[in-house]
Amino acid sequence: MKAHTEYLWYNTTKKVEFINITNVVDEIIAKSGVKDGLVLVNPMHITAAVYVNDAESGLIHDFKEMLKKLVPEHLPGEDYRHNRTGEDNAYAHLWRTLMGHQVTMAITNGRLDLGPWEQIYYAEFDGQRRKRVIVKVLGI
Amino acid sequence: MKAHTEYLWYNTTKKVEFINITNVVDEIIAKSGVKDGLVLVNPMHITAAVYVNDAESGLIHDFKEMLKKLVPEHLPGEDYRHNRTGEDNAYAHLWRTLMGHQVTMAITNGRLDLGPWEQIYYAEFDGQRRKRVIVKVLGI
Amino acid sequence: MKAHTEYLWYNTTKKVEFINITNVVDEIIAKSGVKDGLVLVNPMHITAAVYVNDAESGLIHDFKEMLKKLVPEHLPGEDYRHNRTGEDNAYAHLWRTLMGHQVTMAITNGRLDLGPWEQIYYAEFDGQRRKRVIVKVLGI
């Protein structure tokens, strides 16, 4: 039984950015030597999300529009309570929650066991600074 | 330490359908021989969700109404950007995200360790075609 | 390889309450003796959520406002279908779904492997009664 841990660092050029990290996760699994098990992919910062969906730019546009409609970047009047702390990113905390912030995926035969269109994305909602994602592999 | 994998296939008669898969998952755990550990239940298609909630038809109705209200099946005017690819299912990608698309459950004494009303559901949002769910058991 | 299970009990004084359980989970990990692995934290009742975000009271206020705006506690007219069963808590089932109801976290060096602001919260949406959370540790 093996456990293996790696940390991915991202520093996006834009505030909101979507990065396909499927291959990076698969390479970590290969390196771990785990043939059968689970991999957790979890953003270690609370204004980003890791989710699984299609690698299609139109859909990524739709995700952003959905998030902005459900949770505007700022509220009229007094804005979000969290922003009274001097922060400007309350929306990013809420967006990452609606997106489901982490995924656990299956490893079979030493690789991600993915359906035909499953891709793992890192969704940055308050970028332009260095942030980490943990990849924890556990299995045999 | 053991790992065990099975794939469930579903081909729903309706576009949107909710299927209680609790017993199916429990049978896979029994077959795996794992007494203590974790089970990941993850839809391998990105327009479906696996979630845990009540086996109550009224609540399932409420879930559908909530999803339709937050993310309409089509947008007035130009519709979702994803649908420009020729697809008609952008809403299903977004719904499955809001539902939380996967669950990891505890195994204790060789069975799902569930609270009194926890039931595992497969929620199909773009059905009428064959789709898979992976069940990965890991433990001792 | 080790597996370890504990059940946390909560009986909140308010209907809606947020409780930081990060330290409790870390103590369970220490007790388990697992140095490297995964921990699942899952509410066993379906009107509560476990999520990871900031320990900041303004943000907790913002979460509640977001949930109330997206899913009102009651619907005008006929209310939620689930409430026809005699229940009054349909909103709580839906809220816990939007929050993402469970988390799996990494264990490294015998402790939760957390980013700088990651905190694990138990979010009770229909409290004032005894409810359980399962903590399942798996690793080496």
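1. Observations concerning the relation of the copies chain A and chain C
- At an RMSD of 0.0 Å, chain A and chain C line up after a rotation of 120 degrees and a shift of 0.0 Å along the axis. In short, the pair behaves as if placed about a three-fold rotation axis.

2. Notes on the sheet that holds strand S2 (residues 17-20) of chain C
Residues and elements named next belong to chain C.
- In space, the 3 strands of this open sheet follow the order S2-S7-S4, with antiparallel pairing throughout. Edge positions in the sheet fall to S2 and strand S4 (48-53), since each of these pairs with one other strand and no more. Here the average twist between neighbouring strands, direction ignored, is 25 degrees.
- Where S2 lies against strand S7 (residues 119-124), 4 bridges are found, and the strand directions are antiparallel. Within the sheet, the bridge partner assigned to phenylalanine 18 lies in S7 and is alanine 123.

3. Regarding the pattern of salt bridges
Residues and elements named next belong to chain C.
- For the structure shown, the criterion picks out 24 salt bridges over all chains.
- With a closest N to O distance of 3.0 Å, aspartate 126 and lysine 15 form a salt bridge. Note that aspartate 126 is positioned in the loop between S7 and strand S8 (131-139) and lysine 15 in the loop between strand S1 (2-10) and S2, a separation of 111 residues in sequence.
- A relative accessible area of 4% means that aspartate 126 is categorised as buried.
- We classify lysine 15 as partly exposed; its relative accessible area is 37%.
- Here aspartate 126 and arginine 129 are joined by a salt bridge, their closest N and O atoms 2.3 Å apart.
- Residue classification places arginine 129 among the partly exposed residues on the basis of a relative accessible area of 34%.

4. Thoughts on the interface of chain A and chain C
- Facing 32 residues of chain A, the contacting portion of chain C comprises 34 residues.
- Summing both sides of the interface, chain A and chain C together bury roughly 2,700 Å²; the carbon and sulfur share of this comes to 63%.
- When residues of chain A are sorted by the area they lose upon contact with chain C, Ile46(A), Arg81(A) and Thr97(A) head the list and together hold 19% of the total.
- The interface formed by chain A and chain C includes 1 salt bridge.
- The salt bridge partner of Lys136(A) is Asp36(C), with a shortest N-O separation of 2.4 Å.
- There are 13 residue pairs in polar contact (both at pLDDT 80 or more) connecting chain A and chain C.

5. Quick word on the environment of Val133(A)
Residues and elements named next belong to chain A.
- Along the chain, valine 133 falls in strand S8 (residues 131-139).
- Separated by 107 residues in the primary sequence, valine 133 and aspartate 26 place their C-alpha atoms 14 Å from one another.
- The residues touching valine 133, leaving out its near neighbours within four places in the chain, are Glu6, Tyr7, Leu8, Tyr10, Val41, Asn42, Pro43, Met44, Val50 and Tyr122.

The rules behind the values
Residue numbers here run from 1 along each chain, matching the order of that chain's written sequence. To label them, take the chains in the order written and letter them from A, then take the ligands in the order written and number them from 1. Local features in this predicted model are restricted to residues whose pLDDT is 70 or higher, and side-chain atom pairs enter the listing and the counts only when it is 80 or higher, whereas totals over whole chains, interfaces and linings include all residues. Here the side-chain values reflect all heavy atoms present in the structure, with hydrogen atoms and water set aside. Copy-to-copy superposition: least squares on the C-alpha atoms, limited to residues that have pLDDT of at least 70 in both copies. Pairing between strands requires that DSSP locate at least two bridges from one strand to the other. Counting from the N terminus, the helices are DSSP H or I runs at least four residues long and the strands are E runs at least two residues long. In this analysis an axis means a line fitted to C-alpha atoms, helices contributing only their contacting stretch, and an angle means the value between N-to-C directions, from 0 to 180 degrees. Within this document, salt bridges are pairs made up of a side-chain nitrogen of Lys or Arg and a carboxyl oxygen of Asp or Glu, the two lying within 4 Å of each other. Burial classes: relative accessible area under 20% of the type maximum marks a residue as buried, over 50% as exposed, and values in between as partly exposed (1.4 Å probe, protein chains only). The contact definition used throughout considers only heavy atoms, calling two residues in contact when any of these lie within 4.5 Å. Summed over both partners, the accessible surface that disappears when two parts come together, traced with a 1.4 Å probe, is what is meant by buried area. Side-chain atoms alone can form a polar contact between residues adjacent in sequence; in general such a contact is a pair of N or O atoms within 3.5 Å, and within protein one must be able to donate a hydrogen while the other accepts it.

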